[in-house]
Amino acid sequence: GSEDKKKLAEVYMVRAQLHEDISEKIEDLEKATEVDPSNVEALQGRVTLLIGQGRFEDAYQVIEKMLERDPSNGFAIAAAVQALVSMERNDEAMKLLSNQIEVDPENADWYRMRAKLYLAEKNEDSALADLNLALEKNEQDVESLMMRAEIYLNQDQIERAQQDVD
(Lines give C-alpha, C1' and ligand atoms only; values in the text may rest on other atoms or scores of the structure.)
Protein backbone atom coordinates (compact mmCIF):
# COMPACT_ATOMS: atom_id res chain seq x y z
CA GLY A 1 0.00 0.00 0.00
CA SER A 2 0.91 3.67 0.18
CA GLU A 3 2.60 3.20 3.61
CA ASP A 4 4.98 0.64 2.08
CA LYS A 5 5.74 3.03 -0.76
CA LYS A 6 6.52 5.83 1.69
CA LYS A 7 8.86 3.48 3.61
CA LEU A 8 10.58 2.38 0.42
CA ALA A 9 11.02 6.04 -0.58
CA GLU A 10 12.63 6.69 2.83
CA VAL A 11 15.05 3.80 2.24
CA TYR A 12 16.07 5.30 -1.11
CA MET A 13 16.57 8.69 0.55
CA VAL A 14 18.80 7.25 3.26
CA ARG A 15 20.78 5.33 0.66
CA ALA A 16 21.11 8.51 -1.44
CA GLN A 17 22.78 10.21 1.53
CA LEU A 18 25.31 7.38 1.79
CA HIS A 19 26.52 7.64 -1.81
CA GLU A 20 29.72 9.56 -2.52
CA ASP A 21 28.85 9.84 -6.21
CA ILE A 22 26.41 12.68 -7.02
CA SER A 23 24.88 10.79 -9.97
CA GLU A 24 24.08 7.85 -7.68
CA LYS A 25 22.55 10.25 -5.13
CA ILE A 26 20.35 11.76 -7.85
CA GLU A 27 19.38 8.28 -9.07
CA ASP A 28 18.22 7.19 -5.61
CA LEU A 29 16.30 10.42 -5.04
CA GLU A 30 14.67 9.85 -8.43
CA LYS A 31 13.69 6.31 -7.35
CA ALA A 32 12.27 7.76 -4.11
CA THR A 33 10.05 10.16 -6.06
CA GLU A 34 8.96 7.44 -8.50
CA VAL A 35 7.80 5.31 -5.59
CA ASP A 36 6.32 8.26 -3.67
CA PRO A 37 5.64 11.27 -5.96
CA SER A 38 4.47 13.31 -2.95
CA ASN A 39 7.94 13.14 -1.34
CA VAL A 40 8.85 16.83 -1.48
CA GLU A 41 12.15 16.31 0.35
CA ALA A 42 13.39 13.89 -2.32
CA LEU A 43 12.26 16.25 -5.09
CA GLN A 44 14.04 19.20 -3.46
CA GLY A 45 17.17 17.12 -2.97
CA ARG A 46 17.18 16.16 -6.64
CA VAL A 47 16.71 19.77 -7.74
CA THR A 48 19.53 20.98 -5.47
CA LEU A 49 21.95 18.34 -6.74
CA LEU A 50 20.98 18.85 -10.40
CA ILE A 51 21.46 22.61 -10.15
CA GLY A 52 24.77 22.02 -8.37
CA GLN A 53 25.87 19.90 -11.33
CA GLY A 54 24.80 22.56 -13.81
CA ARG A 55 22.00 20.32 -15.12
CA PHE A 56 19.51 23.19 -15.21
CA GLU A 57 17.13 21.75 -17.80
CA ASP A 58 16.82 18.49 -15.83
CA ALA A 59 16.33 20.46 -12.62
CA TYR A 60 13.69 22.63 -14.27
CA GLN A 61 11.70 19.57 -15.35
CA VAL A 62 11.58 18.36 -11.74
CA ILE A 63 10.68 21.86 -10.55
CA GLU A 64 7.76 22.05 -12.98
CA LYS A 65 6.34 18.83 -11.47
CA MET A 66 6.75 20.33 -8.00
CA LEU A 67 4.93 23.50 -9.02
CA GLU A 68 2.09 21.49 -10.59
CA ARG A 69 1.56 19.82 -7.20
CA ASP A 70 2.03 23.00 -5.16
CA PRO A 71 2.21 26.32 -7.04
CA SER A 72 3.13 28.12 -3.79
CA ASN A 73 6.24 26.01 -3.01
CA GLY A 74 8.80 28.72 -2.24
CA PHE A 75 11.77 26.41 -2.73
CA ALA A 76 10.52 25.39 -6.18
CA ILE A 77 9.88 28.99 -7.23
CA ALA A 78 13.34 30.15 -6.12
CA ALA A 79 14.97 27.13 -7.78
CA ALA A 80 12.97 27.73 -10.96
CA VAL A 81 14.23 31.31 -11.11
CA GLN A 82 17.81 30.14 -10.54
CA ALA A 83 17.54 27.45 -13.24
CA LEU A 84 15.85 29.78 -15.75
CA VAL A 85 18.45 32.52 -15.22
CA SER A 86 21.24 29.95 -15.61
CA MET A 87 19.68 28.91 -18.93
CA GLU A 88 19.48 32.61 -19.93
CA ARG A 89 15.67 32.51 -19.87
CA ASN A 90 15.35 35.70 -17.79
CA ASP A 91 12.00 36.66 -19.34
CA GLU A 92 10.43 33.45 -18.02
CA ALA A 93 12.02 33.98 -14.62
CA MET A 94 10.67 37.54 -14.56
CA LYS A 95 7.17 36.34 -15.50
CA LEU A 96 7.28 33.63 -12.81
CA LEU A 97 8.26 36.16 -10.13
CA SER A 98 5.70 38.72 -11.27
CA ASN A 99 2.97 36.05 -11.09
CA GLN A 100 4.21 35.03 -7.65
CA ILE A 101 4.07 38.65 -6.45
CA GLU A 102 0.43 38.83 -7.57
CA VAL A 103 -0.39 35.61 -5.69
CA ASP A 104 1.70 36.37 -2.59
CA PRO A 105 2.22 40.16 -2.44
CA GLU A 106 3.36 40.22 1.20
CA ASN A 107 6.47 38.06 0.63
CA ALA A 108 9.60 40.24 0.48
CA ASP A 109 11.64 37.44 -1.12
CA TRP A 110 9.83 37.67 -4.46
CA TYR A 111 10.50 41.41 -4.76
CA ARG A 112 14.16 40.96 -3.84
CA MET A 113 14.57 38.16 -6.39
CA ARG A 114 12.92 40.23 -9.09
CA ALA A 115 15.16 43.17 -8.15
CA LYS A 116 18.17 40.91 -8.83
CA LEU A 117 16.79 40.21 -12.31
CA TYR A 118 16.28 43.92 -12.93
CA LEU A 119 19.87 44.57 -11.83
CA ALA A 120 21.11 41.88 -14.23
CA GLU A 121 19.34 43.87 -16.96
CA LYS A 122 20.97 47.10 -15.70
CA ASN A 123 17.52 48.45 -14.76
CA GLU A 124 18.37 50.15 -11.46
CA ASP A 125 15.10 52.10 -11.20
CA SER A 126 12.89 49.00 -11.31
CA ALA A 127 15.30 47.19 -8.99
CA LEU A 128 15.08 50.07 -6.50
CA ALA A 129 11.28 50.06 -6.69
CA ASP A 130 11.20 46.33 -5.91
CA LEU A 131 13.77 46.63 -3.11
CA ASN A 132 11.69 49.42 -1.54
CA LEU A 133 8.64 47.12 -1.69
CA ALA A 134 10.66 44.24 -0.22
CA LEU A 135 11.74 46.48 2.65
CA GLU A 136 8.15 47.67 3.21
CA LYS A 137 7.21 44.02 3.70
CA ASN A 138 10.27 43.22 5.81
CA GLU A 139 12.43 46.08 7.05
CA GLN A 140 14.92 43.56 8.52
CA ASP A 141 15.71 42.13 5.06
CA VAL A 142 19.50 42.57 5.19
CA GLU A 143 20.07 41.36 1.63
CA SER A 144 17.60 43.94 0.25
CA LEU A 145 19.21 46.68 2.34
CA MET A 146 22.66 45.77 1.01
CA MET A 147 21.45 45.63 -2.58
CA ARG A 148 19.72 49.00 -2.23
CA ALA A 149 22.82 50.54 -0.63
CA GLU A 150 24.89 49.30 -3.56
CA ILE A 151 22.51 50.94 -6.04
CA TYR A 152 22.61 54.18 -4.05
CA LEU A 153 26.42 54.06 -4.15
CA ASN A 154 26.33 53.55 -7.93
CA GLN A 155 24.12 56.63 -8.14
CA ASP A 156 26.46 58.63 -5.86
CA GLN A 157 23.77 58.87 -3.16
CA ILE A 158 26.30 58.26 -0.41
CA GLU A 159 24.11 59.38 2.53
CA ARG A 160 21.22 57.13 1.51
CA ALA A 161 23.62 54.21 1.07
CA GLN A 162 25.05 54.92 4.52
CA GLN A 163 21.54 54.84 6.08
CA ASP A 164 20.88 51.37 4.63
CA VAL A 165 24.19 50.00 5.87
CA ASP A 166 23.83 51.38 9.42
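The structure displayed is predicted, hence computed values, not measured ones.

A. Spatial organisation of helix 8 (residues 124-137). When the terminal C-alpha atoms of helix 8 are compared, their 20 Å separation across 14 residues agrees well with the 20 Å that a helix rising 1.5 Å per residue should span. Listed as buried for helix 8 are A127, L128, D130, L131, A134 and L135. Buried residues in helix 8, looked at end-on, bunch into an arc of 165°, giving them a common side. Seen from the buried face of helix 8, the exposed residues on the opposite side, beyond 90 degrees, are D125 and E136. Looking at the buried residues of helix 8, the elements they touch are helix 7 (108-120) and helix 9 (142-154).

B. Representation of a nonpolar patch on the surface within the structure. There is a patch of nonpolar side chains on the surface, built from V142, M146 and V165 and spanning about 260 Å² of accessible area. Structurally, the position occupied by V142 is in helix 9.

C. Here's a closer look at the pattern of salt bridges. For the structure on display, the rule yields twelve salt bridges. For E143, the salt bridge is made with K116, and the minimal N-O distance between the two is 2.5 Å. Linking E143 in helix 9 with K116 in helix 7, this pair joins segments that are 27 residues apart in sequence. A residue is classified by how much of its surface remains accessible, and E143, at 36% relative accessible area, is partly exposed.

D. Spatial organisation of the packing of helix 7 against helix 8. At a minimum axis separation of 8 Å, helix 7 and helix 8 run at an interaxial angle of 165°. With respect to helix 8, the axis of helix 7 lies roughly antiparallel. Taken as a pair, helix 7 and helix 8 cross one another with a handedness that is left-handed. Of the residues in helix 8, those touching helix 7 at A108, Y111, R112, R114, A115, Y118 and L119 are E124, S126, A127, D130, L131, L133, A134 and K137. Taken together, the residues of the contact of helix 7 with helix 8 sort by class into nine nonpolar, one polar and five charged.

E. Fine view of a negative patch on the surface. Taken together, the side chains of E20, D21, E24, E27, E30 and E34 define an acidic patch exposed on the protein surface. For E24, the location among the structural elements is in helix 2 (residues 22-35). Accessibility expressed as a relative area gives 38% for E24, which makes it partly exposed.

F. Summary view of the nonpolar core. Counting 39 residues, the largest nonpolar core has V47 and I63 as its most contacted members. Elements that contribute at least two residues to this core include exactly helix 3 (40-52), helix 4 (56-69), helix 5 (74-86), helix 6 (90-103), helix 7, helix 8 and helix 9. Once residues lying within four places of it in the same chain are set aside, the contact partners of I63 are V47, A76, A79, A80 and A83. Residues A9, L29, A32 and A42 belong to the second largest nonpolar core, which totals six residues.

Thresholds, definitions, all that
- Residues numbered from 1 in each chain as written.
- Predicted model: local features only at pLDDT ≥ 70, side-chain atom pairs only at ≥ 80, totals over all residues.
- Heavy atoms only, no water.
- Helix = DSSP H or I, 4+ residues; strand = E, 2+ residues; numbered from the N terminus.
- Expected span 1.5 Å × (residues − 1).
- Buried < 20%, exposed > 50% of the residue type's maximum accessible area, 1.4 Å probe, protein only.
- Arc of directions from axis to C-beta.
- Contact = heavy atoms within 4.5 Å.
- Patch = residues over 30% accessible without salt bridge, like charges linked within 9 Å, V, L, I, M, F, W, Y side chains within 5 Å.
- Areas by Shrake-Rupley, 256 points an atom, 1.4 Å probe, with all protein chains shown as cover.
- Salt bridge = Lys/Arg side-chain N within 4 Å of Asp/Glu carboxyl O.
- Axes fitted to C-alpha atoms, helices over the stretch in contact; angles between N-to-C directions.
- Parallel < 35°, antiparallel > 145°, perpendicular 65-115°, else oblique.
- Left-handed = near helix turned anticlockwise from the far one by under 90°.
- Nonpolar A, V, L, I, M, F, W, Y, C, P; charged D, E, K, R; others polar.
- Lys, Arg positive; Asp, Glu negative; His and termini not counted.
- Charge placed at Lys NZ, Arg CZ, Asp CG, Glu CD.
- Core = buried A, V, L, I, M, F, W, Y, C linked by side-chain atoms within 4.5 Å.

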